[in-house]
Amino acid sequence: MAALAMAAAGLGRRLRELGGAVGRRGVKDSDDDFALVQRLLPPTRVPLPPPHPTYPTPSGWSPPKGPPPHLPYFVARSRLHNLPVYPRLVKGNRRLTLLRHIWGNIWELERDLREDLGVTDVQVNEVTGCLRIRGGCERELRAWLLQKGF
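Residues numbered from 1 in each chain as written. Predicted model: local features only at pLDDT ≥ 70, side-chain atom pairs only at ≥ 80, totals over all residues. Heavy atoms only, no water.

## What to know about helix H3 (residues 106-117)
Every α-helix winds through 3.6 residues per turn, so residues three or four apart in the chain are directed the same way.
Phase 1 of the analysis: In this model H3 runs 16 Å from its N-terminal to its C-terminal C-alpha over 12 residues, within 8% of the 16 Å that 1.5 Å per residue would give.
Phase 2 of the analysis: Buried residues belonging to H3 abut strand E1 (73-75), strand E3 (94-99), strand E4 (102-104), strand E5 (122-125), strand E6 (130-134) and helix H4 (138-148).
Phase 3 of the analysis: A distance of 3.1 Å separates the backbone nitrogen of tryptophan 107 from a side-chain oxygen at the start of H3, and that oxygen is part of asparagine 105.
Phase 4 of the analysis: With its phi angle positive at about 75 degrees, glycine 118 sits one or two positions after the end of H3. (Helix = DSSP H or I, 4+ residues; strand = E, 2+ residues; numbered from the N terminus. Expected span 1.5 Å × (residues − 1). Contact = heavy atoms within 4.5 Å. Polar contact = N/O pair within 3.5 Å; in protein donor to acceptor, adjacent residues only side chain to side chain.)

Below, the structure is given as C-alpha cells:
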C-alpha cells in the first residue's frame, strides 16, 4: 500500500512539472485558422430560395405573394419554405389533411375554410396550432392558401 502511495505522489509531482512546463511555454488563442473550419460547419439557417424565371417551379413550389395578408390569422411556412399542408392516412384508408403552423385566430381560419372550400369536418387544436380536415383536400387547400397570399 505504501508503494502505491509513493507511486501516486511521484506521478502527481511529474504532472505538476509537465503542467508548469506547458504554462511557461504559453498558449496563444488564435482565430486565424477558424475561417478554415467555419466553411466546413453546417449552416445555421436554410438559405432563401433563389429567384426563378417562372412560378410555380417544376416541383410545384411558389413563393408568397408580397407582404403577408391583413387577416386575424397567419399560416407560416415550414423551415424549408413550403406550405405546411400534410396528407395523412389513418387506420389504413381514412384520409386526413393536416394544416400546421397557424398563428392568431384559428377559429376564423376554420370559418373561412368552411365558407370558401366547403369542408365540413374540421378538428381544431388551439394548443398545437393545427387543423385536421377530413378528406384528401391537399391541392385545394394549397391553392387556397396561395390565393390568400401565404
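Text resumes after the structure shown.
## Points about unusual backbone geometry
Phase 1 of the analysis: Between tyrosine 55 and the following residue, proline 56, the backbone shows a cis peptide bond with an omega angle of -5 degrees.
Phase 2 of the analysis: Structurally, proline 56 can be placed in the loop between helix H2 (34-38) and E1.
Phase 3 of the analysis: The backbone of histidine 81 shows a phi angle near 70 degrees, a positive value even though the residue is not glycine.
Phase 4 of the analysis: One can find histidine 81 in the loop between E1 and strand E2 (85-90).
Phase 5 of the analysis: Even without being glycine, histidine 101 reaches a positive phi, approximately 60 degrees.
Phase 6 of the analysis: Here histidine 101 is to be found in the loop between E3 and E4.

## Notes on the pattern of salt bridges
Phase 1 of the analysis: Tallying each qualifying case throughout the model produces 7 salt bridges.
Phase 2 of the analysis: Here arginine 111 makes a salt bridge to glutamate 108, at a shortest N to O gap of 2.6 Å. Of this pair, arginine 111 and glutamate 108 both sit in helix H3, separated by 3 residues, roughly a single helical turn.
Phase 3 of the analysis: Here aspartate 116 makes a salt bridge to lysine 148, at a shortest N to O gap of 4.0 Å. Here lysine 148 lies in helix H4 and aspartate 116 lies in helix H3, a separation of 32 residues in the sequence.
Phase 4 of the analysis: Through salt bridges that share partners, Glu108, Arg111, Asp112 and Glu115 make up one connected network. (Salt bridge = Lys/Arg side-chain N within 4 Å of Asp/Glu carboxyl O.)

## Focus on the sheet that holds E3
Phase 1 of the analysis: Strand order across the open sheet formed by 4 strands is E2-E3-E6-E5, with antiparallel pairing between neighbours. In this open sheet, the two strands that pair with only one neighbour each are E2 and E5. In this sheet, adjacent strand axes meet at a mean angle of 25 degrees when their direction is disregarded.
Phase 2 of the analysis: Bridge count between E5 and E6: 4 bridges; the pairing is antiparallel. By the bridge assignment, asparagine 125 is partnered in E6 with cysteine 130. (Pairing = 2+ DSSP bridges. Axes fitted to C-alpha atoms, helices over the stretch in contact; angles between N-to-C directions.)

## Observations regarding the nonpolar core
Phase 1 of the analysis: Counting 19 residues, the largest nonpolar core has Leu99, Leu109, Leu113, Leu131, Leu141 and Leu145 as its most contacted members.
Phase 2 of the analysis: At the level of elements, E1, H3, E5, E6 and H4 are the ones that each hand at least two residues to this core.
Phase 3 of the analysis: With residues up to four places along the chain from it excluded, the contact list for leucine 109 reads Tyr73, Val75, Leu99, Ile102, Leu131 and Trp144. (Core = buried A, V, L, I, M, F, W, Y, C linked by side-chain atoms within 4.5 Å. Buried < 20%, exposed > 50% of the residue type's maximum accessible area, 1.4 Å probe, protein only.)

## Section: the packing of aromatic side chains
Phase 1 of the analysis: Evaluation of the coordinates by the stated rule reveals 4 aromatic pairs.
Phase 2 of the analysis: Where phenylalanine 74 meets tryptophan 103, the ring centres are 5.9 Å apart and the plane angle is 45 degrees; that geometry is what we call tilted. Taken as a pair, phenylalanine 74 in strand E1 and tryptophan 103 in strand E4 lie far apart in primary sequence, 29 residues in all.
Phase 3 of the analysis: Residue classification places tryptophan 103 among the exposed positions, given a relative accessible area of 56%.
Phase 4 of the analysis: With centroids separated by 5.8 Å and ring planes inclined at 70 degrees, the aromatic side chains of phenylalanine 74 and phenylalanine 150 adopt a geometry described as edge-to-face. Taken together, the positions of phenylalanine 74 in strand E1 and phenylalanine 150 in the segment after H4 put the pair 76 residues apart, joining distant regions of the chain.
Phase 5 of the analysis: On the basis of relative accessibility, which here comes to 28%, the residue phenylalanine 74 falls in the partly exposed class.
Phase 6 of the analysis: Assessed through its relative accessible area of 2%, phenylalanine 150 is described here as buried.
Phase 7 of the analysis: Taken together through their ring pairs, the aromatic side chains of Tyr73, Phe74, Trp103 and Phe150 make up a single cluster. (Phe/Tyr/Trp six-rings, centres within 6.5 Å; stacked < 30°, edge-to-face > 60°.)

These figures capture arrangement, not role.
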